[in-house]
Amino acid sequence: MNKALLVYIALAALALVVFAIWPGLDLAGARYFYHDGGFFGRNGVQRFVRDFFRVTPFIVLAAYSALWLAKRLGAQLRWAPSGRGMIFLIATMIIGPGLIVNLGFKDHWHRPRPIQTEDFNGPNPFVPWYDDNGGCKKNCSFVSGEASTGFWMVAPASVLPPPWRSSAIVAAFVFGFVASLLRLAFGGHYLSDVLLGGLVSLIVIEVVRRVIWPKAGHKSEKGL
């Protein structure tokens, strides 16, 4: 097990414990963004910014797919992802944000979002992350799908060649952080939701990486 995977698992475990012992941290974090009877994101510009961070990961995946296909069709490109790299990107998107987060947690863990709770003029009482009997019926708060797709951006950054890889990975973490911050500001999620959503993707990325490149890591990939 590599160091990054151990760190992400440890952070996830720590977050679960901290927010179970002190669930009020979630309410305190949400209150920071709640002003004048509402959360951030009530005008068109703010919603556009949210949509940019929501859609960009899928645009990146489509762009990588187009590069892969163009190269397979004979285009002379400076770089394109290998077939193994595309399997890595598609698998991590499907398993992390797709199966675990959206089809798994969000539709079956009935935690109301901040905007749905009584503390912020919603209809439901607040429940901590470990309580799956809240008033939300579907597409609920735990965990954050957009934080998960935001931090998924580490996957495409990590398959870039060395001259670009390090800077791209840093940019991907910044992207995930900002996407998560926006979900807090919009009242769509609590702090524990975005932390666990992002960490799910990062853990999945490291596990899938070990499966696809079991010996030398993706630096030595030759494609399929």
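None of these values were measured; they are calculated from a predicted model.

Conventions we followed
- Residues numbered from 1 in each chain as written.
- Predicted model: local features only at pLDDT ≥ 70, side-chain atom pairs only at ≥ 80, totals over all residues.
- Heavy atoms only, no water.
- Core = buried A, V, L, I, M, F, W, Y, C linked by side-chain atoms within 4.5 Å.
- Buried < 20%, exposed > 50% of the residue type's maximum accessible area, 1.4 Å probe, protein only.
- Helix = DSSP H or I, 4+ residues; strand = E, 2+ residues; numbered from the N terminus.
- Contact = heavy atoms within 4.5 Å.
- Salt bridge = Lys/Arg side-chain N within 4 Å of Asp/Glu carboxyl O.
- Phe/Tyr/Trp six-rings, centres within 6.5 Å; stacked < 30°, edge-to-face > 60°.
- Polar contact = N/O pair within 3.5 Å; in protein donor to acceptor, adjacent residues only side chain to side chain.
- Axes fitted to C-alpha atoms, helices over the stretch in contact; angles between N-to-C directions.
- Parallel < 35°, antiparallel > 145°, perpendicular 65-115°, else oblique.
- Left-handed = near helix turned anticlockwise from the far one by under 90°.
- Nonpolar A, V, L, I, M, F, W, Y, C, P; charged D, E, K, R; others polar.

A. A look at the nonpolar core. Core analysis: the largest hydrophobic core is formed by 52 residues, its most contacted members being Y64, F88, L89, F120 and W152. Broken down by secondary-structure element, the contributors of at least two residues to this core are α1 (3-21), α2 (24-32), α3 (44-72), α4 (83-108), α5 (145-152), α6 (154-158), α7 (162-185) and α8 (191-212). At 9 residues, α8 tops the list of elements feeding residues into this core. Discounting chain neighbours no more than four positions away, the residues touching W152 are P57, L61, L89, T92, M93, P97, S201 and I205.

B. A look at the pattern of salt bridges. What the rule picks out here adds up to 7 salt bridges. Note that R31 is salt-bridged to D119, the shortest N-O span being 3.6 Å. One end of the pair, R31, is in helix α2; the other, D119, is in the loop between α4 and α5, with 88 residues separating them in the sequence. The class of D119 is partly exposed, set by a relative accessible area of 34%.

C. Spotlight on the side chain of N124. Tracing the sequence through the fold places N124 in the loop between α4 and α5. Once you skip the residues sitting within four places of it in the chain, N124 turns out to touch P112, Q116, T117, E118 and G135.

D. The arrangement of the environment of C136 in detail. Locating C136 in the fold gives a position in the loop between α4 and α5. In this structure C136 comes out as buried when scored by relative accessible area, which is 3%. Note: C-alpha distance between C136 and V159 (23 residues apart in sequence) is 38 Å. Sequence-distant contacts of C136, defined by excluding residues within four places in its chain, comprise H110, R111, P112 and Q116.

E. Inspection of the packing of aromatic side chains at higher detail. Evaluated as defined, the whole model comprises 17 aromatic pairs. When the centroid spacing of 5.1 Å and the interplanar angle of 65° are considered together, the rings of Y34 and F120 count as edge-to-face. Taken as a pair, Y34 in strand β1 (residues 34-35) and F120 in the loop between α4 and α5 lie far apart in primary sequence, 86 residues in all. By relative accessible area, F120 is classed as buried at 4%. Taken together, a centroid distance of 5.6 Å and an interplanar angle of 75° make the contact between Y64 and W79 edge-to-face. Of this pair, Y64 sits in helix α3 while W79 is found in the loop between α3 and α4, placing the two residues 15 residues apart along the sequence. With respect to class, Y64 is no different from W79; both count as buried.

F. View of unusual backbone geometry. Put simply, F142 and V143 share a cis peptide bond, and its omega is -5°. Relative to the helices and strands, V143 resides in the loop between α4 and α5. At N121, a position not held by glycine, the phi torsion is positive, near 65°. Tracing the backbone shows N121 in the loop between α4 and α5. Non-glycine residue N139 carries a positive phi angle of around 55°. With respect to the helices, strands and loops of the structure, N139 is situated in the loop between α4 and α5.

G. Representation of α5 in the model. The element α5 is largely enclosed, with a buried count of 8 among its 8 residues. Within α5, the full set of buried residues consists of G145, E146, A147, S148, T149, G150, F151 and W152. Tucked into the core, α5 has its buried residues touching α3, α4, α6, α7 and α8. Looking at where α5 begins, the residue whose side-chain oxygen comes 3.1 Å from the main-chain nitrogen of A147 is S144.

H. Seen up close, the packing of α1 against α8. Remark: α1 packs on α8, axes separated minimally by 9 Å, with the N-to-C direction vectors making an angle of 160°. In this view, α1 runs roughly antiparallel relative to α8, as classed from their interaxial angle. Considering the relative orientation of α1 and α8, their crossing is left-handed. Of α8, the residues touching α1 (which contributes A4, L5, Y8, I9, L11, A12, A15, L16 and F19) are L191, S192, L195, L196, L199, L202, I203, E206 and V207. Here the contact of α1 with α8 is composed, by residue class, of 16 nonpolar, 1 polar and 1 charged.

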